[in-house]
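Structure assessment
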Amino acid sequence: MTSAQVRLDPMTETEFQAYFEHMLVKHAASNVTSGNWTAEEAAAKSAQNLARLLPDGLATKDTHLCLARDATSGDRVGIFWLNLRPHGTETAAFIYDIEVDAELRGRGYGRAVMLAGADLARELGSVQIGLHVFAYNQTAIALYTSLGFATTDLVMSLPL
């Protein structure tokens, strides 16, 4: 089997609106699952975080929101959200979100999206790329580790 190939296309405003609604729910659920937020506060905190990260929506400076598409068929396979930020005198990239559509997982698209995202970051002048991953997401951690990502911070908690 050949490895999956993708292209990253900038989201349209309509695609962004659908993604934003999905992300509100996903971000809240991930933080509840990880134990960061209670279910009662999750929706409000998710909305606050996303408003801070995307103050101008799709037009937010240094933000690249993309649909990942199969390079051959052009069919949507997922999303990719990249942000650029200063890194000393250079530029670093940070992945705020990567998601392969549920029915397409396990086919190599996650790796392909990450590689395409790294290429995009490089093209935009980044010298490194980082991301956050919830500790419960062992599948993602294995993918990122296999791509050469290294742990730079580790936050731990003890419920009392």
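Structure: above.
Remember, it's a predicted structure, so these values are computed and weren't measured experimentally. (Residues numbered from 1 in each chain as written. Predicted model: local features only at pLDDT ≥ 70, side-chain atom pairs only at ≥ 80, totals over all residues. Heavy atoms only, no water.)

**Observations regarding the overall build of the chain**
If you tally the helices and strands in the chain, you get four helices and five strands. Going residue by residue from the N terminus, the α and β elements of the chain occur as β-α-α-β-β-β-α-β-α. Relative to the compact-globule value of 15 Å for 160 residues, the chain shows a C-alpha radius of gyration of 16 Å, a close match. Looking at the chain as a whole, 39% of its 160 residues are labelled buried. Long-range contacts, defined as pairs at least 24 residues apart, comprise 56% of the intrachain contacts of the chain with a sequence gap of at least 6. Accessible surface, the chain: about 9800 Å² in total, of which carbon and sulfur atoms supply 55%. (Helix = DSSP H or I, 4+ residues; strand = E, 2+ residues; numbered from the N terminus. Rg over C-alpha atoms; globule rule 2.2 N^0.38 Å. Buried < 20%, exposed > 50% of the residue type's maximum accessible area, 1.4 Å probe, protein only. Contact = heavy atoms within 4.5 Å. Areas by Shrake-Rupley, 256 points an atom, 1.4 Å probe, with all protein chains shown as cover.)

**Remarks on helix α2 (residues 39–53)**
Here α2 contains 15 residues, and its C-alpha end-to-end distance of 21 Å stays within 8% of the 21 Å for a straight helix at 1.5 Å per residue. Elements that come into contact with the buried residues of α2 comprise α1 (13–33), β3 (76–87) and β4 (90–100). (Expected span 1.5 Å × (residues − 1).)

**Side note on unusual backbone geometry**
Of note, the phi angle at D62 is positive, near 65 degrees, even though the residue is not glycine. When you line up the elements, D62 lands in the loop between α2 and β2 (63–70). Given the relative accessible area of 34%, D62 is considered partly exposed.

**What to know about the pattern of salt bridges**
Side chains that differ in sign of charge can pair as their charged atoms come close. Evaluation of the coordinates by the stated rule reveals ten salt bridges. A salt bridge links D97 to K26; the shortest N-O distance between them is 2.5 Å. Remark: K26 occurs in helix α1 and D97 occurs in strand β4; sequence separation between them is 71 residues. Close ionic contact of D119 with R122 constitutes a salt bridge, the shortest N to O distance being 2.7 Å. Linking D119 with R122, this pair stays in helix α3 (residues 109–123), spanning three residues, or about one helical turn. Owing to a relative accessible area of 38%, D119 belongs among the partly exposed residues under this scheme. Classification of R122 by relative accessible area gives exposed; the value is 54%. Several salt bridges share partner residues, and in doing so they unite R7, D9, E15 and R69 into one network. (Salt bridge = Lys/Arg side-chain N within 4 Å of Asp/Glu carboxyl O.)

**Topic: the environment of Q5**
Considering the arrangement of structural elements, one finds Q5 in the segment before β1 (6–10). The class for Q5 is partly exposed, based on a relative accessible area of 49%. Setting aside anything within four residues of it in sequence, one finds Q5 in contact with R69, D70, A71 and A112.

**A word on α3**
The end-to-end C-alpha distance of α3 is 21 Å, a good match for the 21 Å that 15 residues give at a rise of 1.5 Å each. Among all positions of α3, only Y109, G110, A112, V113, M114, A116, G117, A118, L120 and A121 are buried. Check the buried side of α3 and you find it contacts β1, β2, β3, β4, β5 (126–131) and α4 (138–146). Immediately beyond the C-terminal end of α3, within one or two residues, lies G125, with a positive phi of roughly 95 degrees.

**A closer look at the environment of F80**
With respect to the secondary-structure elements, F80 resides in strand β3. Relative accessible area serves as the criterion here: at 0%, F80 is assigned to the buried category. When the C-alpha atoms of F80 and F20 are compared, they prove to be 12 Å apart, with 60 residues separating the residues in sequence. Beyond its immediate chain neighbours, meaning those up to four positions away, F80 contacts L8, H64, L65, C66, I95, D97, I98, V113 and G117.

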